[in-house]
Amino acid sequence: MTSKNLYFKLLKEDFKIRLWTFVVSCLTFFFTLIVATAMMISNYSDDFNYMMESSVLEPDMMRLVGVYKDYIGVNNLFLAFIFTVLAILVAISGFSYLYSKKKVDLYHSLPVKRETLFFIKTINSILIVLVPFTVSAVISLLIISANVADVGLAMAVFTAIAQWSILFIFNYLVVILAVMFTGNMLIGTLACFFFYFYFPFFSFLIMGYQKEFFETYYSSGFILEKIWANMSSIFIMFNISNIGVAQSVIIAAVGSVVLFFADLLLYKKRSSESAGKSLAFNITKLPIKFMTVIFLSMLMYLVSYQIMNDSIYWGIFGALVSALITHCTMEIIYNQDFKKIFARKIEMLLCLVISLVFIAIFQWDILGYDRYLPKADDVESVAVISDILENNITQYYYKMKVTQYPGSPDIAETEYVDSTYIDKDLMKRMNIEDKDAVLDLAQKCIEGTMDVDDNYYMDVDDNYYIGGGEFQRVLISYKLKSGRSVQREYYMNYRSIAEQLGEIYDGENFKKTIYPILSEDAADIVSVDYNGIGNDDKHIMLKDKAIKAKLIETYKKELTEFKFEERVESYPFASIRFNDKAMQKALDVDLGSLKRDGIAVENIDTAYAQSMNSVGYYPLYPEFSETIALLRELGADVLEKMPAQDIDRIEIFYDVEGIKEDTDGKDNYVSEHRNVVISDEIDIEKVLDKLIIETTPYNDYDFNIDDRISVYVYMKDDSDTVNSRYDVSYSFRKGDLPDNLKYILDEIE
């Protein structure tokens with residue numbers, strides 16, 4: 001049994017040998033923490049006393065605290081890099097003797113158990129890094145605290161110290177694992193990178209294959225995206241913002257315990273004769289070789305396939321060559337003899353066959369990924385997301401936010417979220433009642449996907465069309481009773497799936513999931529913004545509880561009862577927004593900022609309706625007659641079309657395919673640009689009856705818009721200005737032109 005005196009003596013001697021690593025660690029953290037903190041403070045002010053006395057500049061100091069917390073926190077990728085480098089440095093320097101036969105014999109001849117040697121090396125390595133880090137972090141905390149007071153600053157720093165310590169130890173023990181498996185420095189370094197990157201990169205490779213070869217790919221699932229992609233200490237450290245701090249620290253803590261005992265076991269089992277060899281354990285050679293050769297072969301197939309314009313032949317060539325080179329290289333490394341370059345040909349052939357089988361599974365969808373359709377009895381819940389069903393979904397996910405700064409006016413701004421978050425939230429909350437309709441929709445989409453190569457074409461603007469209509473995304477998500485979630489993404493023409501889409505859209509659960517107003521309590525609403533044609537806007541404060549409840553419940557009823565079939569034939573001429581107290585406050589703050597900036601507000605109703613108009617707007621269709629009547633009672637004009645008497649003229653533009661000409665033996669097609677000017681008030685009225693207005697915040701999906709025809713409206717008060725709030729043209733529905741203009745359809749057909 002090793003005495004305490006001998007233990008500490010060995011610990012001290014080992015530290016002396018590795019003193020240079022301690023110096024490197026001290027210098028590293030001196031500059032990255034202490035000096036960096038001083039530079040932060042200097043950047044905010046050269047005169048700390050003046051800053052502390054100035055109420056105007058106090059917010060800058062508070063921002064300094066936030067910057068410092070972010071810097072020392074575990075989300076800092078620069079510090080993550082520092083800890084990764086130091087982990088490799090101290091791990092290899094501590095156990096480098098395992099790579100030398102003479103040093104191994106010397107160490108193992110000492111009257112000390114291997115466990116004791118392992119503990120000494122490990123404890124010293126951890127102390128060499130964490131002691132300078134902790135001291136430097138505390139000093140940087142004192143520097144910050146001397147210039148600005150913050151109650152939670154000390155807690156944040158000590159929390160960061162604990163979190164970084166756990167992450168570092170986890171990373172360090174992974175490097176030790178690589179050292180234990182190998183017999184020389186070069187292979188040990190390569191093994192370290194193998195453990196760092198193999199599983200994440202392999203998951204990325206599989207995801208790349210899925211994206212390339214599966215037409216209906218949407219996501220790769222939890223195992224590939226969350227587990228395999230982060231099955232690495234370095235990825236857990238560098239991807240902590242996506243994984244989550246708490247989850248990463250817990251994984252690192254548990255992983256450290258497991259790795260500690262695994263490293264200790266390997267150290268005890270490792271023979272002294274393994275020093276100088278490529279791998280310390282012969283049993284690991286075969287699986288590592290297969291994993292590496294198959295990975296690189298599949299990788300080079302995909303790279304060659306994509307570079308050479310989806311050529312299968314070049315892909316196979318890349319797979320064959322990479323498998324051959326990788327296998328030969330590994331045999332040279334394993335045997336440390338160039339003459340063994342073509343050793344174990346059967347294993348090489350087996351690696352290649354396995355690679356080609358995996359490639360074929362993806363290339364030709366042998367397992368039926370794109371044909372997946374669950375049985376109705378296996379489905380617990382199902383969700384459908386598509387722009388065809390609702391393409392204004394961001395209106396209900398973007399939020400109004402008021403940011404408060406001490407000593408400065410409040411600022412109102414829009415808080416955005418990305419589409420991935422929206423998809424995930426909708427899939428989580430939606431549970432369509434009519435599962436049969438969804439499965440019928442999926443079957444139609446599968447059939448359409450299988451036939452897509454024969455039925456699509458591309459227009460001059462690179463828009464893809466199928467079956468006479470534009471491709472639109474249809475995302476279907478199944479939550480199975482087994483607990484598994486499956487998503488498939490299709491691109492379809494809505495006409496081919498209109499019946500199934502209608503059944504889904506008309507369902508109560510779908511609309512309640514999409515439209516938050518259907519679940520809102522009328523008591524929470526304080527105002528309404530009506531955003532109509534031109535400047536036909538109204539901001540209405542709802543002070544009468546009875547009228548407010550009637551308006552909101554009426555709109556809920558009409559939106560719920562509005563059918564997909566009606567929606568296809570109609571179009572929302574206006575938008576309406578229901579504001580709660582937080583939204584009303586944000587709107588007031590936003591208008592207040594305009595006044596502070598000296599921007600004149602000519603129409604307060606328009607100012608409110610236009611303020612932060614990417615948030616909260618719902619459609620107002622002509623069919624919503626009861627809601628329209630109530631809005632008029634509350635003072636809104638609610639114009640359903642432009643007043644013809646205010647319009648100077650309407651100009652209609654379209655292209656007509658010209659004569660086919662033969663020039664030097666080549667066929668040319670010439671398009672003639674034509675326009676029609678309408679100035680007669682009766683004719684203008686006829687055009688307005690057919691015109692689709694698309695100038696309010698809520699813009700519905702263009703089901704039957706004829707994008708070959710553009711319409712511009714010029715008002716009498718300024719005949720040279722197009723009456724479009726967003727400087728866009730208006731449109732007609734396909735085939736639905738006034739009788740006196742239907743000749744245009746004959747010209748452009």
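Coordinates for the structure precede this section.
Residues numbered from 1 in each chain as written. Predicted model: local features only at pLDDT ≥ 70, side-chain atom pairs only at ≥ 80, totals over all residues. Heavy atoms only, no water.

Engineer: It is not clear to me how the overall build of the chain should be interpreted in this structure. Could you clarify?
Structural biologist: Across its full length, the chain carries 28 helices and 16 strands. Taking as baseline every contact in the chain between residues at least 6 positions apart, the subset at least 24 positions apart corresponds to 76%. On the chain, roughly 37,200 Å² of surface is accessible, and the fraction owed to carbon and sulfur atoms is 58%. (Helix = DSSP H or I, 4+ residues; strand = E, 2+ residues; numbered from the N terminus. Contact = heavy atoms within 4.5 Å. Areas by Shrake-Rupley, 256 points an atom, 1.4 Å probe, with all protein chains shown as cover.)

Engineer: Before we go on, may I ask you to explain the pattern of salt bridges in this structure?
Structural biologist: Between side chains of opposite charge, pairing is possible as soon as their charged atoms come close. Taken as a whole and judged by the stated rule, the model has 28 salt bridges. Residue Lys690 pairs with Asp736 through a salt bridge whose shortest N-O separation is 3.0 Å. Of this pair, Lys690 sits in helix α27 (residues 681-690) while Asp736 sits in the loop between β16 (718-722) and α28 (743-748), placing them 46 residues apart in sequence. When its relative accessible area of 29% is taken as the criterion, Lys690 is described as partly exposed. Asp706 is paired through a salt bridge with Arg708; the nearest N and O atoms lie 2.9 Å apart. Since its relative accessible area comes to 38%, Arg708 is described here as partly exposed. Through salt bridges with shared partners, one network takes in Lys289, Glu331, Arg344 and Glu347. (Salt bridge = Lys/Arg side-chain N within 4 Å of Asp/Glu carboxyl O. Buried < 20%, exposed > 50% of the residue type's maximum accessible area, 1.4 Å probe, protein only.)

Engineer: Before we go on, may I ask you to explain the packing of helix α5 (residues 77-95) against helix α8 (residues 153-181) in this structure?
Structural biologist: Axis angle and axis distance: for two packed helices, these are the angle between their axes and the distance between the axes, and together they describe the pair. Contact geometry for α5 and α8: axes closest at 9 Å, N-to-C directions at 40 degrees. Classified by the angle between their axes, α5 and α8 sit oblique to one another. Here the hand of the crossing between α5 and α8 comes out right-handed. Each of Leu79, Ala80, Phe83, Thr84, Leu86, Ala87, Ile88, Val90, Ala91, Ile92 and Phe95 in α5 lies in contact with α8, whose residues at this interface are Trp164, Phe168, Asn171, Tyr172, Val175, Ile176, Val179 and Met180. Counted by class, the contact of α5 with α8 contains 17 nonpolar, two polar and no charged residues. (Axes fitted to C-alpha atoms, helices over the stretch in contact; angles between N-to-C directions. Parallel < 35°, antiparallel > 145°, perpendicular 65-115°, else oblique. Left-handed = near helix turned anticlockwise from the far one by under 90°. Nonpolar A, V, L, I, M, F, W, Y, C, P; charged D, E, K, R; others polar.)

Engineer: Please explain the sheet that holds strand β1 (residues 379-386) as it appears in this structure.
Structural biologist: Sheets are built from strands paired through backbone hydrogen bonds, the pairs being either parallel or antiparallel. With antiparallel pairing, three strands are arranged side by side in an open sheet as β1-β7-β8. Two strands in the sheet have a free side with no partner beyond their single neighbour: β1 and β8 (485-492). Between one strand axis and the next, the sheet turns by 15 degrees as a mean value, whatever way the strands run. In the packing of helix α17 (residues 419-429) onto the sheet, contacts are made with β1, β7 (472-480) and β8, and the angle to β1 comes to roughly 145 degrees. (Pairing = 2+ DSSP bridges.)

Engineer: How do you make sense of the sheet that holds strand β10 (residues 537-541) when you look at a structure like this?
Structural biologist: With antiparallel pairing, four strands are arranged side by side in an open sheet as β10-β9-β11-β12. Of all the strands in the sheet, just β10 and β12 (617-620) have a single pairing partner and so form its edges. Going across the sheet, the axis of each strand differs from the next one's by a mean of 20 degrees, ignoring polarity. Strand direction decides the pairing type here: strand β9 (residues 525-531) and β10, joined by five bridges, are antiparallel. Bridge assignment links Tyr530 to a residue of β10, and that residue is Lys538. Of the strands in this sheet, β9, β10 and β11 (574-580) are in contact with helix α24 (residues 581-596), which crosses β11 at around 105 degrees. Along the sheet, helix α26 (residues 625-633) contacts β9, β10, β11 and β12; its crossing angle with β12, the most-contacted strand, is approximately 110 degrees.

Engineer: It is not clear to me how empty space enclosed by the protein should be interpreted in this structure. Could you clarify?
Structural biologist: Gaps left between atoms are located by rolling a probe of water-molecule size over the structure's atoms. Under the criterion given, the structure shown has one cavity of 30 Å³ or more. Estimates place the volume of the largest cavity at around 40 Å³. Around the largest cavity, the lining residues are Leu98, Val104, His108, Arg114, Tyr267, Arg270, Ser271, Ser272, Ser274 and Ala275. Here the lining of the largest cavity is built from residues that sort into four nonpolar, four polar and two charged. (1 Å grid on protein atoms, 1.4 Å probe; cavity = no way out; pocket = protein on both sides within 12 Å on 5 of 7 lines; lining within 4 Å. Points joined across faces, edges and corners; volume = space filled by probe spheres on them.)

Engineer: In this structure, what is going on with the packing of aromatic side chains? I would like to understand it.
Structural biologist: The geometry of an aromatic ring pair is captured by two quantities: the separation of the ring centres and the angle between the planes. Applying the stated rule across the entire model yields 58 aromatic pairs. Centre to centre, the rings of Phe118 and Tyr267 are 5.8 Å apart; their planes meet at 40 degrees, and the pair counts as tilted. One end of the pair, Phe118, is in helix α7 (residues 114-145); the other, Tyr267, is in helix α13 (residues 245-269), with 149 residues separating them in the sequence. For Phe118, a relative accessible area of 0% gives the class buried. For Tyr267, a relative accessible area of 0% puts it in the buried group. (Phe/Tyr/Trp six-rings, centres within 6.5 Å; stacked < 30°, edge-to-face > 60°.)

Engineer: In this structure, what is going on with the nonpolar core? I would like to understand it.
Structural biologist: The nonpolar side chains of a soluble globular protein tend to be buried with one another. Residues Ile476, Tyr478, Tyr515, Leu631, Ile650, Ile652 and Ile709 are the most contacted members of the largest nonpolar core, which totals 95 residues. If one sorts the elements of this core by residue count, helix α18 (residues 435-450) sits on top with six residues. Setting aside its immediate chain neighbours within four residues, Ile652 contacts Arg674, Asn675, Val676, Ile678, Ile709, Ser710, Val711, Phe732, Leu741 and Ile744. Core analysis: the next-biggest nonpolar cluster, separate from the first, contains 76 residues, Leu130, Val157, Phe170 and Tyr267 among them. (Core = buried A, V, L, I, M, F, W, Y, C linked by side-chain atoms within 4.5 Å.)

Engineer: Help me out: how do you make sense of helix α16 (residues 345-363) in this one?
Structural biologist: With 19 residues, α16 extends 26 Å from end C-alpha to end C-alpha; this agrees with the ideal 27 Å at 1.5 Å per step. Along α16, the positions that sit buried rather than exposed are Met348, Cys351, Leu352, Ser355, Ile359, Ala360, Ile361, Phe362 and Gln363. Looking at the packing, one finds that the buried side of α16 touches α9 (185-213), α14 (285-307) and α15 (312-335). (Expected span 1.5 Å × (residues − 1).)

Engineer: Can you help me understand the packing of α9 against α16 in this one?
Structural biologist: Packing of α9 against α16 brings their axes to within 9 Å, and their N-to-C directions diverge by 40 degrees. In terms of their interaxial angle, α9 and α16 are classed as oblique. Residues Ile206, Tyr209, Gln210 and Phe213 of α9 pack against Ile359, Phe362 and Gln363 of α16. Taken together, the residues that form the contact of α9 with α16 break down as five nonpolar, two polar and no charged.

Engineer: For this particular structure, what's the right way to read unusual backbone geometry?
Structural biologist: Residues apart from glycine generally show negative phi values, whereas peptide bonds are mostly found in trans. The backbone of Asp310 shows a phi angle near 60 degrees, a positive value even though the residue is not glycine. One non-glycine residue, Arg344, lies in the positive phi region at around 55 degrees. Turning to its location among the elements, Arg344 is positioned in the loop between α15 and α16. Take Arg344: its relative accessible area is 46%, and that puts it in the partly exposed class.

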